[in-house]
Amino acid sequence: MAWFVVRLAQFEWLAQQPSIFRSSPPVRREFCSRCGTQLAYQHDDSPHIIELTTATLDDASAFPPTQEIWLSQKLAWAASDARVEHYFGESQRSTDTDGA
């Protein structure tokens, strides 16, 4: 799934607030309350950022991928994009506010 990261202070929901599910104690996932589509991910260790699903945007092409993370869990048949940075686990940039 493609995500992009923004500072929470620079983000607001413009329409209906999503439904929230705590999938584990530090993780908050947000979903459309009408259709169930996952919209956002937040982690208690990074309360200043929100990760948003790229595919739910009106123009997903506005945020092309710059890296692939968690390749240790990649399905064997899933292709990788040789043009972007690759990480076996999580990259520092994926939780860094300077990159948001």
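The structure we're discussing is the one just above.
For the structure given in this document, a descriptive report is provided here. Computed from a predicted structure; not experimentally measured.

## Overview of the overall build of the protein chain
Line of reasoning, step 1. A count of helices and strands for the protein chain gives 0 helices and 7 strands.
Line of reasoning, step 2. For the protein chain, the α and β elements follow one another from N to C terminus as β-β-β-β-β-β-β.
Line of reasoning, step 3. Over its C-alpha atoms the protein chain spans a radius of gyration of 14 Å, differing by no more than 12% from the 13 Å that the globule rule assigns to 100 residues.
Line of reasoning, step 4. Taking the principal axes of the C-alpha coordinates as reference, the protein chain spans close to 40 × 25 × 25 Å.
Line of reasoning, step 5. Put simply, the protein chain has 100 residues, and 24% of those count as buried.
Line of reasoning, step 6. Look at the contacts in the protein chain between residues 6 or more apart in sequence, and 39% of them connect residues 24 or more apart.
Line of reasoning, step 7. Accessible surface, the protein chain: about 7100 Å² in total, of which carbon and sulfur atoms supply 54%.
Line of reasoning, step 8. Looking at the protein chain, you have 8 positive and 13 negative side-chain charges, and the mean spots of the two groups are 4 Å apart.

## Here's the deal with the pattern of salt bridges
Line of reasoning, step 1. Across all of its chains, the model carries 3 salt bridges by this definition.
Line of reasoning, step 2. Two residues, E30 and R28, come together in a salt bridge whose shortest N-O distance is 3.1 Å.
Line of reasoning, step 3. Judged by relative accessible area, E30 falls into the buried class, the value being 2%.
Line of reasoning, step 4. Where R83 meets D81, a salt bridge forms, and the shortest distance between an N and an O atom there is 2.9 Å.

## Looking at the sheet that holds strand β3 (residues 27-31)
Line of reasoning, step 1. Pairing within the open sheet is antiparallel, and its 5 strands lie in the order β1-β5-β4-β3-β2. Each edge of the sheet is formed by a strand with only one pairing partner; in this case those strands are β1 (3-7) and β2 (19-24). Taking the axes of each pair of neighbouring strands and ignoring which way they run, one obtains an average angle of 25° across the sheet.
Line of reasoning, step 2. The sheet contact formed by β1 and strand β5 (residues 49-53) spans 5 bridges and is antiparallel. Bridge pairing links R7 to I49 in β5.

## Focus on unusual backbone geometry
Line of reasoning, step 1. Of note in the backbone geometry, W70 takes a positive phi value of approximately 55° without being a glycine.
Line of reasoning, step 2. Examined against the element boundaries, W70 turns out to sit in the loop between β6 (67-68) and β7 (85-86).

Parameters and conventions
- Residues numbered from 1 in each chain as written.
- Predicted model: local features only at pLDDT ≥ 70, side-chain atom pairs only at ≥ 80, totals over all residues.
- Heavy atoms only, no water.
- Helix = DSSP H or I, 4+ residues; strand = E, 2+ residues; numbered from the N terminus.
- Rg over C-alpha atoms; globule rule 2.2 N^0.38 Å.
- Buried < 20%, exposed > 50% of the residue type's maximum accessible area, 1.4 Å probe, protein only.
- Contact = heavy atoms within 4.5 Å.
- Areas by Shrake-Rupley, 256 points an atom, 1.4 Å probe, with all protein chains shown as cover.
- Lys, Arg positive; Asp, Glu negative; His and termini not counted.
- Charge placed at Lys NZ, Arg CZ, Asp CG, Glu CD.
- Salt bridge = Lys/Arg side-chain N within 4 Å of Asp/Glu carboxyl O.
- Pairing = 2+ DSSP bridges.
- Axes fitted to C-alpha atoms, helices over the stretch in contact; angles between N-to-C directions.

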